[in-house]
Amino acid sequence: MAALELCGVALRGPVLNGSGSFDAIAARRAFGDALLERFPFDAFVSKTITLAPREGNPPPRLWETPAGMINSIGLPNKGLDGFLDSDLPELARLPVPLVVSVMGFTREELARLVAEVGARDEVAMLELNVSCPNVETGLVIGADPAETALALQQVRPESAKPLIVKLTPNAIDPAAVAAAAEGAGADAVSLVNTLKGMALDPETRQPWLGGRTGGVSGPAIRAIALEQVAAVASRVQIPVIGMGGISSGRQAADFIAAGATAVAIGTESFREPAAGWRIAAELADLSHSSGARAAGSTAV
């Protein structure tokens, strides 16, 4: 695929990673400079960071489904200070623009994260993970248009960097949430995040995952994600980043046809760490083939 601009940031192509689905720091330690020479994504989205460090949910954290998985990781991270001191210098060495994913449990927390992360030159864009409850209101920020707008209104003045709002598919009307985000200053939206799910231990019949419930991802949610991307893209003028069970260039092309400017690869990277590179190549081949057919059909 050809290079493009996403929120004014130049990318060599349209394939990103889903936050938390690819550990670039561990991969760099394992593969060295070879990873940089053949990096599988056109922009890298960090794991979600929170203001304070988090250990995440107790194990077990993963459950394989017939068409994907359920994760109950719980956003383990070093917190803002640990990220800035330890992880950011490592991620800044990647050969693509860096998007840092942040999540706050109050609007004030989110604003501080945006201000401090956005002040760093190494960061090209920020992703706001709004799939958590606001502890002050009890509402999931990204499930309610008004709550989303209030969050954006508070954080928008804190940074001139592009803000991508990551939408939850568990909202009653994701397109309405996207429109509220756009109206309050979001530069782009990304969707879908995982759907809520549960798995039971086959012997005890009790929840298998340490966090009891988790997020369903992978091919099982692709049709849902595609519909929501199309609905959101028809409602907003800002770029849409589509994700949800993409495992091939053809499927990525479907999301772009539905209105996405770019796509993100998540669960497929657990099965195939270089999936982003393969999917980008397949997408480019499809684009070239389509271009050649179009040129042939207009030739005299």
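Preceding block: the structure.
As a starting point, this report considers the structure included with it. (Residues numbered from 1 in each chain as written. Predicted model: local features only at pLDDT ≥ 70, side-chain atom pairs only at ≥ 80, totals over all residues. Heavy atoms only, no water.)

1. Points about the pairing of strand 10 (residues 188-191)
- Side chains of strand 10 alternate between two faces, with Ala-188 and Ser-190 and Val-189 and Leu-191 buried alike.
- Here three bridges tie strand 9 (residues 163-166) to strand 10, and the two strands are oriented parallel to one another. Counterpart to Lys-166 in the pairing with strand 10 is Ser-190.
- The sheet contact formed by strand 10 and strand 13 (residues 240-243) spans three bridges and is parallel. When the sheet's bridge partners are listed, Leu-191 is paired in strand 13 with Gly-242. (Buried < 20%, exposed > 50% of the residue type's maximum accessible area, 1.4 Å probe, protein only. Helix = DSSP H or I, 4+ residues; strand = E, 2+ residues; numbered from the N terminus. Pairing = 2+ DSSP bridges.)

2. Points about the pattern of salt bridges
- Under the defined criterion, the tally for this structure stands at 14 salt bridges.
- Glu-268 is the partner of Arg-271 in a salt bridge, and the nearest nitrogen-oxygen pair spans 2.5 Å. Taken together, the positions of Arg-271 and Glu-268, both in helix 9 (residues 267-271) and three residues apart, correspond to about one turn of that helix.
- A salt bridge links Glu-282 to Arg-278; its shortest N-O distance comes to 3.1 Å. Remark: Arg-278 and Glu-282 occur in helix 10 (residues 275-298); sequence separation between them is four residues, near one turn of the helix.
- Relative accessible area serves as the criterion here: at 22%, Arg-278 is assigned to the partly exposed category.
- Taken together, the shared-partner salt bridges connect Glu-268, Arg-271, Glu-272, Arg-278 and Glu-282 into one network. (Salt bridge = Lys/Arg side-chain N within 4 Å of Asp/Glu carboxyl O.)

3. Things to note about the packing of aromatic side chains
- In this structure the tally under the stated criterion is six aromatic pairs.
- Consider the rings of Phe-39 and Phe-41, whose centres lie 6.1 Å apart with planes at 75 degrees: the pair is edge-to-face.
- Note on Trp-63 and Trp-208: the rings are 5.4 Å apart at their centroids and 65 degrees apart in plane angle, and the pair reads as edge-to-face. Separated by 145 residues along the polypeptide, Trp-63 in strand 5 (residues 62-65) and Trp-208 in the loop between strand 11 (195-198) and strand 12 (213-217) bring together distant segments of the chain.
- Through a chain of ring-to-ring contacts, the aromatic side chains of Phe-22, Phe-39, Phe-41 and Phe-44 assemble into a single cluster. (Phe/Tyr/Trp six-rings, centres within 6.5 Å; stacked < 30°, edge-to-face > 60°.)

4. Focus: helix 4 (residues 107-118)
- Across its 12 residues, helix 4 extends 16 Å between first and last C-alpha, which sits within 8% of the 16 Å expected from 1.5 Å per residue.
- All buried positions along helix 4 are accounted for by Arg-107, Leu-110, Ala-111, Leu-113, Val-114, Val-117 and Gly-118. When helix 4 is viewed along its axis, its buried side chains cluster within an angular range of 165 degrees and face the same direction.
- Tucked into the core, helix 4 has its buried residues touching helix 3 (79-91), strand 7 (98-102), strand 8 (125-129), helix 5 (145-155) and strand 9. (Expected span 1.5 Å × (residues − 1). Arc of directions from axis to C-beta. Contact = heavy atoms within 4.5 Å.)

5. What about the sheet that holds strand 12?
- Read across the open sheet, the four strands follow the order 5-6-12-11; overall the sheet is antiparallel. The strands lining the two open edges of the sheet, one partner per strand, are strand 5 and strand 11. Ignoring strand direction, the axes of neighbouring strands in this sheet form an average angle of 35 degrees.
- When strand 6 (residues 68-71) meets strand 12, the two strands line up antiparallel, connected through three bridges. In the sheet register, Ile-70 faces strand 12, and the bridge partner there is Val-216. (Axes fitted to C-alpha atoms, helices over the stretch in contact; angles between N-to-C directions.)

6. Considering the pairing of strand 7
- Most of strand 7 sits out of view: five of its five residues are buried.
- On strand 7, burial covers both faces: Leu-98, Val-100 and Val-102 on one face and Val-99 and Ser-101 on the other are all buried.
- Strand direction decides the pairing type here: strand 7 and strand 8, joined by four bridges, are parallel. What sits directly across from Val-102, in strand 8, is Leu-128.
- Traced from strand 7 through helix 4 to strand 8, the parallel crossover comes out right-handed. (Right-handed = clockwise from strand over helix to strand, strands pointing away.)

7. A word on the side chain of Thr-48
- Mapped onto the elements of the fold, Thr-48 is located in the loop between strand 4 (44-45) and strand 5.
- Within the local environment of Thr-48, its side chain forms a polar contact with the side chain of Ser-101, the two groups lying 2.7 Å apart.
- At 3.4 Å, the side chain of Thr-48 forms a polar contact with the side chain of Asn-129.
- In this structure Thr-48 touches Ser-19, Leu-75, Asn-77, Ser-101, Val-102, Met-103 and Asn-129, once residues within four positions along its chain are discounted. (Polar contact = N/O pair within 3.5 Å; in protein donor to acceptor, adjacent residues only side chain to side chain.)

8. Some points on the packing of helix 6 (residues 174-183) against helix 7 (residues 222-233)
- At a closest axis distance of 8 Å, the pairing of helix 6 and helix 7 adopts a crossing angle of 40 degrees. With respect to helix 7, the element helix 6 is oriented oblique. Of the two elements, helix 6 crosses helix 7, and the hand of that crossing is right-handed. In contact with Pro-174, Ala-175 and Ala-178 of helix 6, helix 7 contributes Gln-228, Ala-231 and Val-232.
- Partitioning the contact of helix 6 with helix 7 into residue classes produces five nonpolar, one polar and no charged. (Parallel < 35°, antiparallel > 145°, perpendicular 65-115°, else oblique. Left-handed = near helix turned anticlockwise from the far one by under 90°. Nonpolar A, V, L, I, M, F, W, Y, C, P; charged D, E, K, R; others polar.)

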